[in-house]
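In case you want the letters, here they are:
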Amino acid sequence: RARTPVRRSFDMSLVASFPATIRTPALASRRANPIASRASLRATRPVARRSARVATAMAAAVPIMVNDLTGKMGRAVADAVVARGADVCYLVPVAFSGEAKDPVTIGDVAVEIKSIRDGDPGAVLDDLKAKHPGLIVVDYTLPAAVNANADLYVKHAAPFVMGTTGGDRVKLLEDVSASGVPAVIAPQMGKQVVAFQAAMKLMATNFPGAFRGYTLTVTESHQSSKVDTSGTAKAIVESFNELGCGFDIKDAVLVRDVPTQIAPVPNGMGVPEEHILGHAFHTYRLTSPDGTVSFEFQHNVCGRSIYAEGTVDACLFLSSKVGEGCASEDCEAGKTLFDMIDVLREGGMVTN
């Protein structure tokens, strides 16, 4: 990725301390060709430590363990890992599920499915870390398992990307932050939706109360297997409330019945029938107190590829924050807990 040139000043007082035999030719050269000389200064500036760390971070493909890849979202992520290319990342041939299952083949990788409830999952995780240095764990399991799974990853110092929604989110963030284990935790992994979410947050920060008095309605449609309220809806509603709406997320309309989902707008959600088993249609409608003005924000997603690709991007981002290979200022600042806006801000979303 092209990098924006950074202007740096050069302290001439340091030059005065150089021996004349070294200083004079250098200054003469700079006077003769100042532009080339500045380029040379940038090229030879002491950046050895950063360069070494970047090289270390990029030297090996990132091993990614996907839990639970027997689910639809986990399978989509596993497929995306394999498709990204073995020179970038690779799928670890072991995954956790609620119970042990027959192996699953993804591309040319046969993945053993182990129970996270039985035996010693911590020992399995430690063994995988030893066999696959730089291991990143992905979690797409169930809302009820979020906190217990995060505790497992934290206890065994396994950096992870938590894509599962639900659970006690306050406890989750507090526990992971206190542990110092690097993690990306986000209710939404789709890059464009994340950008929209960030834009809403920016608007709320800069224009608090701009929609005070307006009535907000929220309608979301997902496949019937999604039992909880969308984490994305919760985050967007939080921004709307900062804008003055005062909406209770419990009042969001969750559409899970197929007839309403496939019925054309305005009587239904207009979901294509082939995507009934995998979609996310959200509509946020604001109406002024007198009913004469309305605003509508909508994002409709068919399929799971947008989330799967974003999850792989998050894994690669997190890998750059782990261990001695960390080439980021975040490492030196001690930051270890990230969300997808951090990934987006750093330019880690490399896919189309």
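Residues numbered from 1 in each chain as written. Predicted model: local features only at pLDDT ≥ 70, side-chain atom pairs only at ≥ 80, totals over all residues. Heavy atoms only, no water.

(A) Looking closely at the packing of aromatic side chains. Summed over all chains, the structure comprises eight aromatic pairs. Taken together, a centroid distance of 5.3 Å and an interplanar angle of 90 degrees make the contact between F211 and Y214 edge-to-face. With a centroid separation of 5.2 Å and 85 degrees between ring planes, the pair formed by F211 and F295 is classed as edge-to-face. Remark: F295 occurs in strand β12 (residues 294-302) and F211 occurs in the loop between α9 (191-206) and β9 (215-222); sequence separation between them is 84 residues. You can call F211 buried: its relative accessible area is 9%. Grouped by ring-pair contacts, the aromatic residues F196, F240, Y284 and F297 constitute a single cluster. (Phe/Tyr/Trp six-rings, centres within 6.5 Å; stacked < 30°, edge-to-face > 60°. Helix = DSSP H or I, 4+ residues; strand = E, 2+ residues; numbered from the N terminus. Buried < 20%, exposed > 50% of the residue type's maximum accessible area, 1.4 Å probe, protein only.)

(B) Looking closely at the layout of surface pockets. Roughly 1000 Å³ of volume is contained in the second largest pocket. Looking at the second largest pocket, it is lined by 47 residues, and the ones nearest its centre are M73, Y140, T141, L142 and T164. Looking at the lining of the second largest pocket, the elements that each hand over two or more residues are α5 (72-84), β3 (94-97), α7 (146-155), α10 (231-242), β11 (279-287) and β12. (1 Å grid on protein atoms, 1.4 Å probe; cavity = no way out; pocket = protein on both sides within 12 Å on 5 of 7 lines; lining within 4 Å. Points joined across faces, edges and corners; volume = space filled by probe spheres on them.)

(C) Broad picture of the sheet that holds β3. As summarised here, the arrangement of the three strands in space is β3-β5-β4, forming an open sheet in which the pairing is mixed. Unpaired on one side and paired on the other, β3 and β4 (101-106) mark the two borders of the sheet. This sheet shows a mean twist of 35 degrees between the axes of neighbouring strands, independent of strand direction. In the sheet, β3 pairs with strand β5 (residues 109-115) via four bridges, with the strands oriented parallel. Paired with A95 across the two strands is I113, which belongs to β5. (Pairing = 2+ DSSP bridges. Axes fitted to C-alpha atoms, helices over the stretch in contact; angles between N-to-C directions.)

(D) Representation of helix α6 (residues 121-131) within the structure. Where α6 is concerned, the buried positions are P121, G122, L125 and L128. Considered in projection along α6, the buried side chains sweep an arc of 125 degrees and stay on one side of the axis. When the buried face of α6 is taken as reference, the exposed residues oriented beyond 90 degrees from it are A130 and K131. Packing partners of the buried residues in α6 comprise β1 (62-67), β3, β6 (136-139) and α7. (Arc of directions from axis to C-beta. Contact = heavy atoms within 4.5 Å.)

(E) Structural context of unusual backbone geometry. Omega for the peptide link from N67 to D68 comes to 5 degrees, which places this bond in the cis form. Of note, the phi angle at A157 is positive, near 50 degrees, even though the residue is not glycine. If you trace the backbone, A157 turns up in the loop between α7 and β7 (160-162). With relative accessibility at 41%, the residue A157 sits in the partly exposed group.

(F) Summary view of the packing of α7 against helix α8 (residues 169-179). Axis separation between α7 and α8 bottoms out at 10 Å; the angle between their running directions is 5 degrees. The angle between α7 and α8 falls in the class roughly parallel. Packed against α7, whose contacting residues are V146, N147, A150, D151 and V154, the element α8 presents R169, K171, L172, D175, V176 and S179 at the interface. (Parallel < 35°, antiparallel > 145°, perpendicular 65-115°, else oblique.)

(G) The pairing of β1, seen in detail. Most of β1 is tucked away: six of the six residues are buried. In β1, alternate side chains face the same way, and those of V62, I64 and V66 on one face and P63, M65 and N67 on the other are all buried. Pairing geometry for β1 and strand β2 (residues 89-91), over three bridges, is parallel. Note that in β2 the partner of V62 across the bridge is C89. As a crossover connection, the stretch from β1 through α5 into β2 is right-handed. Relative to β6, β1 runs parallel, the two being bridged by four bridges. Looking at the pairing, N67 lines up with D139 of β6. (Right-handed = clockwise from strand over helix to strand, strands pointing away.)

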